[in-house]
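Summary of the model geometry
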Amino acid sequence: MSLLRINLFGGLEIRRVSGEQVVIPSRKAATLLGYLALTSPHGISRSKLAALLWEGHFGDNARANLRQALLTLRRVLPQCADVISAERDDIRIHPNAVTTDVQEFELLLQLGDLETMARAAALFRGELLDGISSTSCAFEAWLSAERQRLKTRAIRAIAGLLDVGGREHVEIATTFSLRVLAADPLQEDVHRTLMRCYAQQGRRADALRQYDFCRTILRKQVGATPESETESLQREIRRMLRV
């Protein structure tokens, strides 16, 4: 039976099965729990965890910090021994002790029907582990790769919805696109998808406003201009307005 629900999209939220929220007072302990939840049920060596989360510390200091983070989790988590297995060499989350929104999200994307896609879109509440950061370059590289992997899966799912073209499919694709862009407004292909969603719904003015937003955010954040595919799409939508 699951003892904890851990939500990782849009931050880190831990709740008991009763619904009561669990607050982790240490940022590093919270980061450790988030990482374990994402990589469970595979065991991870203590040395790898210490190096990943406390990069730059000497080996003994890093392992001491890891032990302190585990102690913090034991103090605040209900039935911690039933949730986290901390062996001499490996640390893991017990199978079935924890459910996560990421785990559910990926399962729903595999199922792929209209109802499950709507539920998947609702789960994508923001960037993976938003607000969680580390001075460790190794951890930041891992987190960046995981964020992009999940966004890529979402983008493929959205494209599949739009290809079907039914009204409800387009509505879910619209919602999904807005959630992905809220997490990462530099995803230009999602801006294009949202423009297409709006155009298919007859909301051509909204589609052009989305183009304007895309152009503005690219210029302000990375000093770039929209790709030729985006420019072609906005010209096509403008022609539709004149018809």
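Residues numbered from 1 in each chain as written. Predicted model: local features only at pLDDT ≥ 70, side-chain atom pairs only at ≥ 80, totals over all residues. Heavy atoms only, no water.

1. Description of the pairing of strand β6 (residues 90-93)
Side chains of β6 alternate between two faces, with I91 and I93 buried and D90 and R92 left unburied. By the bridge criterion, two bridges tie strand β4 (residues 44-45) to β6 in an arrangement that is antiparallel. Residue pairing for β6: S45 is matched across the bridge by D90. As paired strands, strand β5 (residues 84-86) and β6 are joined by three bridges and run antiparallel to one another. (Buried < 20%, exposed > 50% of the residue type's maximum accessible area, 1.4 Å probe, protein only. Helix = DSSP H or I, 4+ residues; strand = E, 2+ residues; numbered from the N terminus. Pairing = 2+ DSSP bridges.)

2. Points about the sheet that holds strand β3 (residues 21-22)
Pairing is mixed in the open sheet, where four strands are placed in the order β3-β2-β1-β7. Every interior strand has two partners, whereas the edge strands, β3 and β7 (98-100), have only one. In this sheet, β7 lies alongside strand β1 (residues 4-7) in parallel orientation, the contact comprising three bridges. The partner of I6 across the bridge, within β7, is T100.

3. Brief notes about the state of the cysteines
In total, this model carries zero disulfides according to the counting rule given. For C214, which is in no disulfide, the shortest distance to another cysteine sulfur is to C197 and amounts to 14 Å. (Disulfide = S-S within 2.5 Å.)

4. Notes on the packing of aromatic side chains
Tallied over the full model, the rule gives seven aromatic pairs. Summarising the aromatic geometry, the rings of Y35 and W142 are spaced 4.6 Å apart at their centres and angled 65 degrees between planes, so their arrangement reads as edge-to-face. One end of the pair, Y35, is in helix α1 (residues 27-39); the other, W142, is in helix α7 (residues 137-164), with 107 residues separating them in the sequence. Accessibility assignment for this pair places Y35 and W142 in one class, buried. (Phe/Tyr/Trp six-rings, centres within 6.5 Å; stacked < 30°, edge-to-face > 60°.)

5. What about the packing of helix α5 (residues 101-111) against helix α6 (residues 114-123)?
The N-to-C vectors of α5 and α6 enclose an angle of 150 degrees; their axes lie 8 Å apart at closest approach. When the axes of α5 and α6 are compared, the pair comes out roughly antiparallel. At the point where α5 passes α6, the crossing takes the left-handed sense. Side by side, α5 and α6 meet where D101, E104, F105, L108, L109 and L111 of the first sit next to T116, M117, R119, A120 and L123 of the second. (Axes fitted to C-alpha atoms, helices over the stretch in contact; angles between N-to-C directions. Parallel < 35°, antiparallel > 145°, perpendicular 65-115°, else oblique. Left-handed = near helix turned anticlockwise from the far one by under 90°. Contact = heavy atoms within 4.5 Å.)

6. Side note on the sheet that holds β5
Ordered by their spatial adjacency, three strands build an open sheet running β4-β6-β5, and the pairing between neighbours is antiparallel. The open sheet has two edge strands, β4 and β5, and neither has a second partner. α1 contacts β4, β5 and β6 of the sheet and is inclined by roughly 75 degrees relative to β6.

7. Overview of the environment of T175
Summarising the element assignment, T175 is placed in helix α8 (residues 167-183). By relative accessible area, T175 is classed as partly exposed at 39%. Along the primary structure T175 and C197 are separated by 22 residues, whereas in three dimensions their C-alpha atoms are 9.7 Å apart.

8. Thoughts on the environment of G166
As for its position among the elements, G166 is in the loop between α7 and α8. For G166, a relative accessible area of 26% translates into the label partly exposed. C-alpha separation for the pair G166 and Q200, spaced 34 residues apart in sequence, amounts to 9.6 Å.

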